[in-house]
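A look at the structure
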Amino acid sequence: MKKEYGIVIVSHVPEVAQGIPKLLEQVAKNVSITFAGGTDDNEIGTSANKIMEAFESNEAKKLLAFYDLGSAKMNLELAMEMSEKKVNLYDTALVEGAYTAATLLEADVLLKDIEQQLEALKIK
Amino acid sequence: MLTVEIVNKWMELFYEKISEKKAYLSELDTPIGDGDHGNNMMRGMQGVKDGLEKLENPDLKETFKAIAMALISKVGGAAGPLYGTAFLEMAKNCEESQAPADLFRYALDGIKKRGGASVGDKTLVDVWTPVVDNLGKDELVVEVVQKAAEGTKNLVAKKGRASYLGERSAGHLDPGAVSSCYLFESFIEAGGIK
């Protein structure tokens, strides 16, 4: 049984987006983690369509989203406006923020307490 | 008043300008960004051209929406969601008013909300803002647009990839401001303010 909250990783680089879940899965086997990396043609950039797919394919209905740079946030927000799912977006350092959230979700920590811990990792 | 015909002509002219200037736009983006603005905009405008060709007897709303969706899905860089949002806002509001002064105001508000930039941050907002202000006073001419784009040269970037350079971003034109300049030159040439 997967956890109530899932995680979505968005990066400009397909390999970065693909790689981070591997790190998180080590500590969060029961958290659904999906990712969106690069443009539709797998070039460097981000894609609102790919982000939508990452939202939809995530097993959870409530999501915590983490991203790398500027346009990733804009495309995330566009995808959030199109999605039915409840998505929370965090302006934290990507790897550290996502890792912290994964660890705490696996340990059934409440979202408000997770968010408090993420606050310290906010850099954007 | 904007019509489907004018918007099609506008996009055709913008496509041509981007084709001509894509190397220059990427060159502008190299010292203060990731060097791909020209190629990104070209990919986006190719998408716009293909998207508009597929429409059959579209109304203004469908036309704006097709432009927005092509830019959002094809551009890749920050320009995609920003220009895409601008056209999406025009699609949302074009039943209420077809006046460019109104529609560009909605578009500008959308861009500011999406990117969080204000005037003086060295972004396309520095071109869109005087365009909207001058349209409101019926004083929009090409020189106003060009001067606004040139004005980004001495600014220090507060938003976008150039902001990572801090003070070092001054002395370079903002690529997004320059592509916006082409957008409004095309708009004027297409007869948008007649």
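For the structure, see preceding data.
Residues numbered from 1 in each chain as written. Chains lettered and ligands numbered in written order. Predicted model: local features only at pLDDT ≥ 70, side-chain atom pairs only at ≥ 80, totals over all residues. Heavy atoms only, no water.

**Let's talk about the overall build of chain B**
Looking only at helices and strands, chain B has 8 helices and 0 strands in total. When the helices and strands of chain B are read in sequence order from the N terminus, they spell out α-α-α-α-α-α-α-α. Against the 2.2 N^0.38 benchmark of 16 Å for 194 residues, chain B shows a C-alpha radius of gyration of 15 Å, consistent with a compact globule. Projected onto its principal axes, the C-alpha positions of chain B cover 50 × 35 × 25 Å. For chain B, the residues scored as buried account for 55% of the 194 residues in total. Nonlocal contacts in chain B, meaning residues at least 24 apart in sequence, comprise 67% of its contacts between residues at least 6 apart. As presented, chain B carries roughly 8500 Å² of accessible surface, and 49% of it is formed by carbon and sulfur atoms. For chain B, the distance from the average site of its 24 positive side-chain charges to the average site of its 29 negative ones is 5 Å. (Helix = DSSP H or I, 4+ residues; strand = E, 2+ residues; numbered from the N terminus. Rg over C-alpha atoms; globule rule 2.2 N^0.38 Å. Buried < 20%, exposed > 50% of the residue type's maximum accessible area, 1.4 Å probe, protein only. Contact = heavy atoms within 4.5 Å. Areas by Shrake-Rupley, 256 points an atom, 1.4 Å probe, with all protein chains shown as cover. Lys, Arg positive; Asp, Glu negative; His and termini not counted. Charge placed at Lys NZ, Arg CZ, Asp CG, Glu CD.)

**Quick look at helix H5 (residues 111-119) of chain A**
Residue and element names in this part refer to chain A. Every buried residue of H5 is listed here: Leu-111, Ile-114 and Leu-118. Each buried residue of H5 sits inside an arc of 60° when the element is viewed along its axis, so together they form one side. Opposite the buried face of H5, at more than 90 degrees from it, the exposed residues are Lys-112, Gln-116 and Glu-119. If you follow the buried residues of H5, they end up packed against strand E1 (5-11), strand E3 (62-67), strand E4 (86-90) and helix H4 (94-106). (Arc of directions from axis to C-beta.)

**Quick word on empty space enclosed by the protein**
Under the defined criterion, the tally for this structure stands at 1 cavity of 30 Å³ or more. Considering only enclosed or pocket space, the largest cavity measures out at about 30 Å³ in volume. Around the largest cavity, the lining residues are A:Thr39, A:Asp40, A:Asp41, B:Arg43, B:Ser73 and B:Lys74. Along the lines of polarity and charge, the residues of the lining of the largest cavity split into no nonpolar, 2 polar and 4 charged. (1 Å grid on protein atoms, 1.4 Å probe; cavity = no way out; pocket = protein on both sides within 12 Å on 5 of 7 lines; lining within 4 Å. Points joined across faces, edges and corners; volume = space filled by probe spheres on them. Nonpolar A, V, L, I, M, F, W, Y, C, P; charged D, E, K, R; others polar.)

**Observations concerning helix H5 (residues 100-115) of chain B**
Along its 16 residues, H5(B) runs 22 Å from first to last C-alpha, staying within 8% of the 22 Å computed at 1.5 Å per residue. Positive phi appears at B:Gly116, one or two residues downstream of H5(B), with a value of about 70°. (Expected span 1.5 Å × (residues − 1).)

**Quick notes on the interface of chain A and chain B**
Counting residues at the interface gives 16 residues for chain A, matched by 15 residues for chain B. Summing both partners gives a buried area of about 1300 Å² for chain A against chain B, and 55% of it is carried by carbon and sulfur. Of all residues in chain A, the largest losses of buried area upon contact with chain B belong to A:Leu69, A:Met74 and A:Leu78, amounting jointly to 39% of the total for that side. Note that B:Arg114 is salt-bridged to A:Glu81, the shortest N-O span being 3.1 Å. Contributions of two or more residues to the side of chain A that touches chain B are made by helix H2 (48-57) and helix H3 (70-82) of chain A. Sort the elements by how many residues they give to the side of chain A that touches chain B and H3(A) lands first, with 6 residues. Taken together, the residues that form the side of chain A that touches chain B break down as 4 nonpolar, 7 polar and 5 charged. (Buried area = accessible area lost by both parts, 1.4 Å probe. Salt bridge = Lys/Arg side-chain N within 4 Å of Asp/Glu carboxyl O.)

**Structural notes on the pairing of E4(A)**
Within a regular strand, side chains alternate between the sheet's two faces. Residues and elements named next belong to chain A. Summarising the sheet, E3 and E4 pair through 5 bridges and their orientation is parallel. Each residue of the ladder has a partner; that of Leu-63, found in E4, is Val-87. Once the chain exits E3 it traverses H3 before rejoining the sheet at E4, and the crossover so formed is right-handed. (Pairing = 2+ DSSP bridges. Right-handed = clockwise from strand over helix to strand, strands pointing away.)

**Focus on the packing of helix H2 (residues 37-54) of chain B against helix H3 (residues 60-74) of chain B**
All names here are of chain B. The interhelical angle for the contact between H2 and H3, taken along N-to-C directions, is 145°, at an axis separation of 8 Å. By crossing handedness, the relation of H2 to H3 is classed as right-handed. Along the contact surface, H2 presents Arg-43, Gly-44, Met-45, Gly-47, Val-48 and Leu-52, while H3 presents Thr-63, Ala-66, Ile-67, Ala-70, Leu-71 and Lys-74. A class-by-class count of the residues in the contact of H2 with H3 yields 7 nonpolar, 3 polar and 2 charged. (Axes fitted to C-alpha atoms, helices over the stretch in contact; angles between N-to-C directions. Left-handed = near helix turned anticlockwise from the far one by under 90°.)

**Topic: the packing of helix H1 (residues 4-32) of chain B against H3(B)**
Two quantities define a packed helix pair, namely the angle between the helix axes and the distance between the axes. Residues and elements named next belong to chain B. Between H1 and H3, the shortest axis-to-axis distance is 9 Å and the interhelical angle comes to 20°. The pairing of H1 with H3 is recorded here as roughly parallel in orientation. Of the two possible hands of crossing, H1 and H3 adopt the one that is left-handed. Contacts from Val-4, Val-7, Asn-8, Trp-10 and Met-11 of H1 reach H3 at Leu-60, Thr-63, Phe-64 and Ile-67. (Parallel < 35°, antiparallel > 145°, perpendicular 65-115°, else oblique.)

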